[in-house]
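# Structural characterization, general
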Amino acid sequence: MRTSYQYKIKPIKEQAVKINNTLNMLRHQYNFLLAQRFNWYEQNRCSLDRCPLICHLPELTEQPNYYNQKASLTQLKKERPWYKDIHSQVLQEVPKRVEKAFDRWLKGDVNGKKSGRPRFKGEGQYKTFTYQQFKQYHFANGVIKLSKIGDVKVIVHRPIPDGFTIKTVSVAKKADGYYVTLSLDDKTVPTVKYDFNADKIVGIDVGLIDFFVTSDNERVAAPKHLRKAECKLRKAQKCVSRRQLKSKRRKKAVKKLSKQHKKVADTRKDFHFKTANQLLKKYDVVAVEKLNIKGLARTRLAKSIHDAGWGQFLTILTNKAENAGLLVIPVKPHGTSQECSNCGHKVKKPLSQRMHNCPVCHTSLCRDHNAAINVRNRGAHDLNKKAQLMSRVA
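This one's a predicted model, so the numbers in the text were calculated from it and none came from an experiment.

The rules behind the values
- Residues numbered from 1 in each chain as written.
- Predicted model: local features only at pLDDT ≥ 70, side-chain atom pairs only at ≥ 80, totals over all residues.
- Heavy atoms only, no water.
- Helix = DSSP H or I, 4+ residues; strand = E, 2+ residues; numbered from the N terminus.
- Buried < 20%, exposed > 50% of the residue type's maximum accessible area, 1.4 Å probe, protein only.
- Contact = heavy atoms within 4.5 Å.
- Lys, Arg positive; Asp, Glu negative; His and termini not counted.
- Charge placed at Lys NZ, Arg CZ, Asp CG, Glu CD.
- Pairing = 2+ DSSP bridges.
- Axes fitted to C-alpha atoms, helices over the stretch in contact; angles between N-to-C directions.
- Phe/Tyr/Trp six-rings, centres within 6.5 Å; stacked < 30°, edge-to-face > 60°.
- Lys NZ or Arg CZ within 6 Å of the ring centre and 35° of its normal.
- 1 Å grid on protein atoms, 1.4 Å probe; cavity = no way out; pocket = protein on both sides within 12 Å on 5 of 7 lines; lining within 4 Å.
- Points joined across faces, edges and corners; volume = space filled by probe spheres on them.
- Core = buried A, V, L, I, M, F, W, Y, C linked by side-chain atoms within 4.5 Å.
- Salt bridge = Lys/Arg side-chain N within 4 Å of Asp/Glu carboxyl O.

## Notes on the overall build of the protein chain
Counting its secondary structure elements, the protein chain contains nine helices and 14 strands. With 394 residues in all, the protein chain has 38% of them scored as buried. Contacts spanning at least 24 positions in sequence make up 68% of the contacts within the protein chain whose residues lie at least 6 apart. Positive and negative side-chain charges in the protein chain, numbering 79 and 33 respectively, have mean positions lying 8 Å apart.

If you want it as structure tokens, here you go:
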């Protein structure tokens, strides 16, 4: 099982300078390797699939890839000795990032979805570097030993669980300071049982008025973190826009604005973790709608949808359930609000109509509660199918 713990670190002034210099040098190398790939791509691609009998082809160069760009780091350290101040594995991570970004643009990810054209990193946009190997004893007594940087003080707000070993360590620079993220690994894998108690299955319907409504008619109000912080964000943004470009006062104003945005994001994430924890303490199986959140975020409700953070919440809920040996079942969302949870009759209604009134069985209840019951029924149906399949395999 894999999990991550993040701690805030308190580097001294010299260590903070080393971290900033490392990030800046990694940014320059990232841009250089990305430019190499773009140059090769522009020189060697051609829309024609044939050529005349007599043609003069340009001299073809070797295609840049992860391995030859990684091998070029040795020559880089000879030509620019200051790159020796960076740990070798941290430097080797740069061509891996370039390879990943370039492949996502041309080939797409595992599901075939392509990303946009990779961009060059501006000043302050390269914020993280990773040590791919880490020794367990280098993190003890509130101090972490980072190669080429030194012993850095860590605020350990929670201990590492027994049985977990540290695999990688990432150092990140954020608006309010520096953080380390420890990737922890445990050999034990929680077993998932499919014969759950029927009373421990719940369906949830996420929304903007209520964050979600359960099939047991329990409601969690939408916190609307961004809406509540809009006044402070507006003042901070106005302060930035009135400062002169590249001035020290503008940098201070930008830093203040960044802290305000980070506070909103952290508050939202904390709410998601606590809500997911409360939900999984009460239920063993949670059925959720498999929503197209990117598509919904293109509507006029985009701001409220981003403020709710449904995608982050569902990801946190799924990860916490897997670690606890519980289940989160995504179901098709089509028709959950229109179908009657009692008789199955379709009752078409606009989004503004918040009550479900069935003309056939005369069921009358909240629209979201009706949808949550339908989600639960679909999740229970899918769970029974999985249980039958597992019993056949066994």
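After that view of the structure, there is still more to cover.
## Re the pairing of strand β5 (residues 150-155)
Two elements, strand β1 (residues 2-10) and β5, share three bridges in a ladder whose sense is antiparallel. From the neighbouring strand, Lys-8 faces β5, where its bridge partner is Ile-155. Adjacent in sequence and paired antiparallel, strand β4 (residues 143-146) and β5 are bridged by three residues, among which Lys-148 carries a positive phi angle near 70°.

## Looking at the sheet that holds strand β8 (residues 201-206)
One open sheet holds the five strands; their spatial order is β10-β9-β8-β11-β12, and the pairing between them is mixed. Since the sheet does not close on itself, it has two edges, and those belong to β10 (219-221) and β12 (327-331), each with one partner. Neighbouring strand axes in the sheet, compared pairwise and without regard to direction, differ in orientation by 20° on average. Note: β8 against strand β9 (residues 210-214), three bridges, orientation antiparallel. Considered in β9, the bridge of Ile-204 is made with Thr-214. Sheet strands in contact with helix α5 (residues 248-282) are β8, β9, β10 and β11 (285-289), and its direction is about 10° off that of β9.

## Notes on the sheet that holds strand β7 (residues 177-185)
The strand order β2-β6-β7-β1-β5-β4-β3 describes an open sheet built from seven strands, whose pairing is antiparallel. Edge strands, defined here as strands with exactly one partner in the open sheet, are β2 (128-131) and β3 (139-140). As defined by bridge partners, β2 adjoins strand β6 (residues 165-174) across four bridges and the pair is classed as antiparallel. Following the sheet pairing, Tyr-131 is matched in β6 by Val-169.

## Re the packing of aromatic side chains
In total, this model carries 15 aromatic pairs according to the counting rule given. Considering the side-chain rings of Tyr-66 and Tyr-67, the 5.3 Å spacing of their centres and the 70° angle between planes classify their relative orientation as edge-to-face. On the basis of an interplanar angle of 80° and a centroid distance of 5.4 Å, the ring pair of Phe-102 and Trp-105 is categorised as edge-to-face. Placement of the pair is Phe-102 and Trp-105 together in helix α3 (residues 88-106), with a separation of three residues, close to one helical turn. Taking the relative accessible area as the measure of exposure, Phe-102 reaches 6% and is therefore buried. Given the relative accessible area of 17%, Trp-105 is considered buried. Each member of the aromatic cluster is reached from another via a ring pair, and the members are Phe-38, Tyr-41, Phe-102, Trp-105 and Phe-120. Taking the ring centre of Phe-38 as reference, the NZ or CZ of Arg-117 above it sits at 4.0 Å.

## Re empty space enclosed by the protein
Tallied over the full model, the rule gives one cavity of 30 Å³ or more. Taken as a whole, the largest cavity holds about 40 Å³ of empty space. If you trace the largest cavity, you find it lined by Thr-22, Asp-85, Ile-86, His-87, Val-90, Phe-129, Tyr-131, Ser-147, Lys-148 and Ile-149.

## A look at the nonpolar core
The biggest cluster of nonpolar side chains holds 41 residues, and the ones touching the most others in it are Phe-129 and Ile-144. The greatest single-element share of this core, amounting to 10 residues, is contributed by helix α1 (residues 13-44). What Ile-144 contacts, discounting residues up to four positions off in sequence, is Phe-134, His-138, Phe-139, Gly-150, Asp-151, Val-152, Val-154, Val-169 and Leu-182. Ranked by size, the runner-up nonpolar core spans 23 residues in total, among them Ile-305, Leu-314, Ile-316 and Val-328.

## Some words on the pattern of salt bridges
Tallied over the full model, the rule gives 13 salt bridges. Residue Arg-219 is joined to Asp-210 by a salt bridge in which the shortest nitrogen-to-oxygen separation is 2.8 Å. Between Asp-270 and Lys-274 there is a salt bridge; the shortest N-O distance is 3.2 Å. Placement of the pair is Asp-270 and Lys-274 together in helix α5, with a separation of four residues, close to one helical turn. Overall, the relative accessible area of 49% leaves Lys-274 in the partly exposed class. Counted as one network, the salt bridges with shared partners bring together Asp-176, Lys-262 and Asp-266.

## Observations regarding the environment of Lys-153
Mapped onto the secondary structure, Lys-153 falls in strand β5. Through-space distance from the C-alpha of Lys-153 to that of Val-143 is 4.6 Å; in sequence the pair is 10 residues apart. With sequence-adjacent residues up to four places away left out, Lys-153 is seen in contact with Lys-8, Ile-9, Lys-10 and Gly-142.

## Observations regarding the side chain of Ser-215
Looking at where Ser-215 falls in the secondary structure, it is placed in the loop between β9 and β10. A relative accessible area of 10% places Ser-215 in the buried class. When neighbours within four sequence positions are excluded, Ser-215 is seen to be in contact with Val-202, Gly-203, His-369, Ala-372, Ile-373 and Arg-376.

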